[in-house]
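# Structural overview
Residues per chain, in single letters:
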Amino acid sequence: MSTPKHWLITGASRGLGRALAEAALQRGDRVLAISRDATALQHLQATEPQACQSLVLDITDGAALEAQLPPALDAFGGLDILVNNAGVGMLASVEDSSPQLTRANFEVNFFAPMRVIQLLLPRLRAQRQGQILTISAAAAIGNYPGFGVYGAAKAALESLHESLRQEVMSLGIGVSLIQPGPLRTDFIANLTQGDIGEAYQGNAGRFARYLQSVQGKQTGSPQRAAQLLVELAHEGRLPFRLPLGAYAVNKARERAATALRDWEPLMDAARGVDSPP
Ligand SMILES: NC(=O)c1ccc[n+]([C@@H]2O[C@H](COP(=O)([O-])OP(=O)(O)OC[C@H]3O[C@@H](n4cnc5c(N)ncnc54)[C@H](OP(=O)(O)O)[C@@H]3O)[C@@H](O)[C@H]2O)c1
């Protein structure tokens, strides 16, 4: 059994974040749990009062993050794994996505995890060890009509992590992106509902109706996902990208297999735009 680890988990009130917190606590680790829901955090903390601490925080509130996160971590006494899990979906056709809802979605899914990472990197660099584990989505493997903004926020987060990984690799810090397929959580119930105009009812609207029809019947188990991630973290086997659940695994395989298909016939023409040597 490896040494107990210190986890910081955002969005630990329910769903995957809650399952991760419970799995880590059951393994004998310590958890600093963050969400806006004080009652849910109290219940979580009550299960392991010695090992679990909580911080009631809206991660999109940059000033609160900067004021409250560092002292909370000092009191917690360590940090081995940062889990950027908090996230919110958004349903709207691209044409109908309002700037307000678009920005709000990027605040939760992109700017907040980026700010958390920036705040914690000096600590991780100083100790020359640590793991950043960020929850992306299968929508970042390939996106759907109606999920443009949500998928874009996750894809932007993935691109940020591609740079981050190369920047911190030599500093002893690991970076991982998890790409879950459908997990049985409150994610669909909590989606931000934007507009889907008449022109897009056949694709984005259809996707929205499909999501509503599978609410509560998603195949992925957040508990099983959490068990796997906690085990991989302890074994030091977290890869850079990991699709989770059969749906996401198949989607990633299909994407890799067909990546060249669209542009391979134009490869010579595309190469030909370079100036002659
Ligand atoms: N479920 C799926 O099918 C699925 C698929 C792919 C990816 N994901 C990703 O998995 C992650 C976890 O989602 P879930 O499925 O567990 O959904 P969930 O049940 O809706 O949980 C979302 C969590 O995010 C937290 N959160 C949202 N906005 C926040 C904010 N401003 N400040 C602090 N916490 C905030 C919520 O906490 P409070 O509301 O209590 O603050 C909650 O704990 C998300 O990043 C999501 O994009 C989920």
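Scroll up for the structure.
Okay, so let's go over this structure. (Residues numbered from 1 in each chain as written. Predicted model: local features only at pLDDT ≥ 70, side-chain atom pairs only at ≥ 80, totals over all residues. Heavy atoms only, no water.)

### Some details on the overall build of the chain
- Summing up its helical and strand segments, the chain has nine helices and nine strands in all.
- Relative to its length of 277 residues, the chain is compact, with a C-alpha radius of gyration of 20 Å against a globular reference of 19 Å.
- Judged by the C-alpha coordinates and their principal axes, the chain covers about 60 × 50 × 35 Å.
- Considering the chain as a whole, with its 277 residues, one finds that 46% of them fall into the buried category.
- Considering only intrachain contacts with a sequence separation of at least 6, the fraction spanning at least 24 residues in the chain is 72%.
- Surface exposure of the chain reaches about 13,900 Å², of which carbon and sulfur atoms provide 52%.
- Here the chain carries 25 positive and 25 negative side-chain charges, and the mean point of each set is 5 Å from the other. (Helix = DSSP H or I, 4+ residues; strand = E, 2+ residues; numbered from the N terminus. Rg over C-alpha atoms; globule rule 2.2 N^0.38 Å. Buried < 20%, exposed > 50% of the residue type's maximum accessible area, 1.4 Å probe, protein only. Contact = heavy atoms within 4.5 Å. Areas by Shrake-Rupley, 256 points an atom, 1.4 Å probe, with all protein chains shown as cover. Lys, Arg positive; Asp, Glu negative; His and termini not counted. Charge placed at Lys NZ, Arg CZ, Asp CG, Glu CD.)

### Let's talk about the pattern of salt bridges
- A full pass over the atoms with the stated rule returns eight salt bridges.
- Members of the salt-bridge network, linked through shared partners, are Glu158, Glu162 and Arg241. (Salt bridge = Lys/Arg side-chain N within 4 Å of Asp/Glu carboxyl O.)

### Remarks on the pairing of strand 1 (residues 6-10)
- The buried fraction of strand 1 is high, at five of five residues.
- Covered by surrounding structure in strand 1 are His6, Leu8 and Thr10 together with Trp7 and Ile9, the residues of both alternating faces.
- Sheet analysis places strand 1 next to strand 2 (residues 30-35), joined by five bridges and oriented parallel. Each residue of the ladder has a partner; that of Trp7, found in strand 2, is Val31.
- After leaving strand 1, the chain enters helix 1 (residues 15-26) and then returns to the sheet as strand 2, a path that is right-handed.
- Across three bridges, the pairing between strand 1 and strand 4 (residues 81-84) is parallel. The residue of strand 4 that forms the bridge with Leu8 is Leu82. (Pairing = 2+ DSSP bridges. Right-handed = clockwise from strand over helix to strand, strands pointing away.)

### A short note on the site of the ligand
- For the ligand, the set of nearby residues contains 31 residues, the closest of which are Ser13, Arg36, Asn85, Tyr150 and Thr185.
- Lys154 is positioned such that a nitrogen or oxygen atom in its side chain is 2.9 Å from an oxygen atom of the ligand.
- Its free accessible area being 880 Å², the ligand has 96% of it covered by the protein chains.
- At the level of elements, helix 1 and helix 5 (148-168) are the ones that each hand at least two residues to the shell around the ligand.
- Grouping the amino acids of the shell around the ligand by side-chain chemistry returns 14 nonpolar, 11 polar and six charged. (Near = heavy atom within 4 Å. Polar contact = N/O pair within 3.5 Å; in protein donor to acceptor, adjacent residues only side chain to side chain. Nonpolar A, V, L, I, M, F, W, Y, C, P; charged D, E, K, R; others polar.)

### Notes on the packing of helix 1 against helix 2 (residues 38-47)
- As a packed pair, helix 1 and helix 2 sit with axes 10 Å apart at the nearest point and diverge in direction by 15°. What the angle tells us is that helix 1 and helix 2 run roughly parallel. For the crossing formed where helix 1 meets helix 2, the hand is right-handed. On helix 2, the residues that touch Arg18, Ala21, Glu22 and Leu25 of helix 1 are Ala40, His43, Leu44 and Thr47. (Axes fitted to C-alpha atoms, helices over the stretch in contact; angles between N-to-C directions. Parallel < 35°, antiparallel > 145°, perpendicular 65-115°, else oblique. Left-handed = near helix turned anticlockwise from the far one by under 90°.)

### Quick word on the sheet that holds strand 2
- Strand order in the open sheet formed by seven strands is 3-2-1-4-6-7-9, and the pairing between neighbours is parallel. Whereas interior strands pair on both sides, the edge strands pair on one side only; in this sheet they are strand 3 (52-56) and strand 9 (241-244). Within the sheet, the average angular offset between the axes of one strand and its neighbour, ignoring direction, is 15°.
- Against the sheet, helix 1 contacts strand 1, strand 2, strand 3, strand 4 and strand 6 (130-135), and its axis sits at roughly 165° relative to strand 1.

### Some thoughts on the environment of Leu260
- Following the sequence through the fold, Leu260 ends up in the loop between helix 8 (246-258) and helix 9 (267-271).
- Its relative accessible area of 39% is what places Leu260 among the partly exposed residues.
- When the C-alpha positions of Leu260 and Pro122 are compared, they lie 40 Å apart, and in sequence the two are 138 residues distant.

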